[in-house]
Amino acid sequence: MSSFWNARKVLVTGISGFVGSYLARSLLEKGAVVYGIVRSRADNVTPKNLRDKGLQGKVNLLEGDICDLYSIIKAIEFAQPQFVFHLASQSFVKESFANPLIFVQANCIGTANLLEAIRLRSPEATVVFAGSSEEYGLAFSSQKQYDRMKLEYKNIFPEPDTIPELPIKETNCLRPLSPYGVTKVYGDHLMREYYFSFGLRTVVSRGFNHEGAGRGPHFVTSSIAKQVVQLKYGETNEITLGNVNSFRDWSHVNDIVEGYLLLAEKGRHGDVYVQGSMRTNSVLTYLLLALEEAGYIIHKITTMKGDKALEDPAKMKKIEMFGVQFEASNVDELMLHERIYFDPNDVGLVIHTEKENINVIFSKEKFRPADVPILMSDTSKIMPIGFRTNYRLRDIVRDQVDFFLAPENRSAHSLET
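Here we summarise the structure given alongside this text. These numbers come from a predicted model, not from an experiment.

Here is what the cut-offs are and how they apply
Residues numbered from 1 in each chain as written. Predicted model: local features only at pLDDT ≥ 70, side-chain atom pairs only at ≥ 80, totals over all residues. Heavy atoms only, no water. Phe/Tyr/Trp six-rings, centres within 6.5 Å; stacked < 30°, edge-to-face > 60°. Helix = DSSP H or I, 4+ residues; strand = E, 2+ residues; numbered from the N terminus. Buried < 20%, exposed > 50% of the residue type's maximum accessible area, 1.4 Å probe, protein only. Axes fitted to C-alpha atoms, helices over the stretch in contact; angles between N-to-C directions. Parallel < 35°, antiparallel > 145°, perpendicular 65-115°, else oblique. Left-handed = near helix turned anticlockwise from the far one by under 90°. Contact = heavy atoms within 4.5 Å. Nonpolar A, V, L, I, M, F, W, Y, C, P; charged D, E, K, R; others polar. Pairing = 2+ DSSP bridges.

## Observations concerning the packing of aromatic side chains
One pass over the structure, following the stated rule, counts 14 aromatic pairs. Centroid distance phenylalanine 18 to tyrosine 22: 5.4 Å. Interplanar angle 75°. Geometry classified as edge-to-face. Of this pair, phenylalanine 18 and tyrosine 22 both sit in helix 1 (residues 18-29), separated by 4 residues, roughly a single helical turn. Take phenylalanine 18 and tyrosine 22: they sit in the same class, and that class is buried. Considering the side-chain rings of phenylalanine 403 and phenylalanine 404, the 5.2 Å spacing of their centres and the 85° angle between planes classify their relative orientation as edge-to-face.

Below, the structure is given as structure tokens:
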């Protein structure tokens, strides 16, 4: 059966990144002719993410820099793409607090450069923009959470019309809580401005967190998986984390990639679509599931001060919150109902397992100046065009743990990009 993508000319910015390499592989499997923009390298070596997926010589790599308009124009002229996926960006949220101007340059100016190049050289191309759930930022799950945030931030804008504001759909308020989130709002609006003003065929995806094998080790999910494997092999005797109470909507990268392809083929130009899993789970649950995937049997967790304890915290079950039924752990359920909370005053956690007790230290360095408390998507808009969630949370965790268990990924050197 012929594929919609057969022989289509596609340009991917950020092709050497985590998501870009998965997208390139999927496009090639569907018969597309794939071009990708990469920065010039002195060693002329194919980037690691592309090597890992066996894409050497299968994608057409064009030298360019998203911050250099001339190089992007040259790439567009050469590729003459029918479709462009704009994934290139600075994306590590915590780093955006330390170096916001780098994020502005890449995510704002870079996106403007790409749109100008397409307007001038390939105005018939369909452009899919990788927006982010971080654009929503501060979404309120309860009145108690709103009251806490009001006390902390003094002013909330826009004020919520109703609480809870979950699950999050396309029309939710945008209250980004990081320089990264702000730059993604800029790109999101610029995409739609180029549709309204110049008729470009832009489609915006606001993808919620997506993970899988090969995610950069500085992202929290990958950091968790890597530390768990190090613990298993006796390379560390503790795990360090920041805010374990943060809730995220985690999807598998393969599900989000298929969503991008659907939006390119069937999305309405000038429109916005949320992509996610319609579930929300805590950072703590991600850690507990990672430990289970590495062979640990968890009995209970306690705080280091011993004043909070929970039996069988990692047990997964169906719960209903915010009008949606989804899979969550025992500790997720308690945190979502605000019956338990872990803060820096607790110092850390002790995870009691069949093998040993594992110390989890709350590291001040890993806390963000402002942290999004909870994210959960509403994918009802994209589902009618074919979007589906095929992976459970445990599947995502397993892929990440297995990646770090693989001998070729055991050394720090293998994690270079």
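Text resumes after the structure shown.
## Remarks on the packing of helix 5 (residues 100-121) against helix 7 (residues 179-198)
Where helix 5 meets helix 7, the axes come as close as 9 Å, and the angle between the chain directions of the two elements is 15°. In terms of orientation, helix 5 lies roughly parallel with respect to helix 7. Helix 5 and helix 7 meet at a crossing whose hand is right-handed. Of helix 7, the residues touching helix 5 (which contributes Pro100, Phe103, Val104, Asn107, Cys108, Thr111, Ala112, Leu115, Glu116 and Arg119) are Pro179, Tyr180, Thr183, Tyr186, Gly187, Leu190, Met191, Tyr194 and Phe198. Per-class residue counts for the contact of helix 5 with helix 7 are 13 nonpolar, 4 polar and 2 charged.

## Some details on the sheet that holds strand 11 (residues 271-275)
In space, the 7 strands of this open sheet follow the order 3-2-1-4-5-6-11, with parallel pairing throughout. Sheet topology places strand 3 (60-63) and strand 11 at the edges, where each strand pairs with a single neighbour. Mean inter-strand twist for the sheet, computed between neighbouring axes without regard to direction, equals 20°. Together, strand 1 (9-13), strand 2 (33-38) and strand 4 (83-86) form the strand contacts of helix 1, whose direction differs from that of strand 1 by roughly 170°. The sheet contacts of helix 5 involve strand 1, strand 4, strand 5 (126-132) and strand 6 (201-207), and relative to strand 4 the element is tilted by about 175°.

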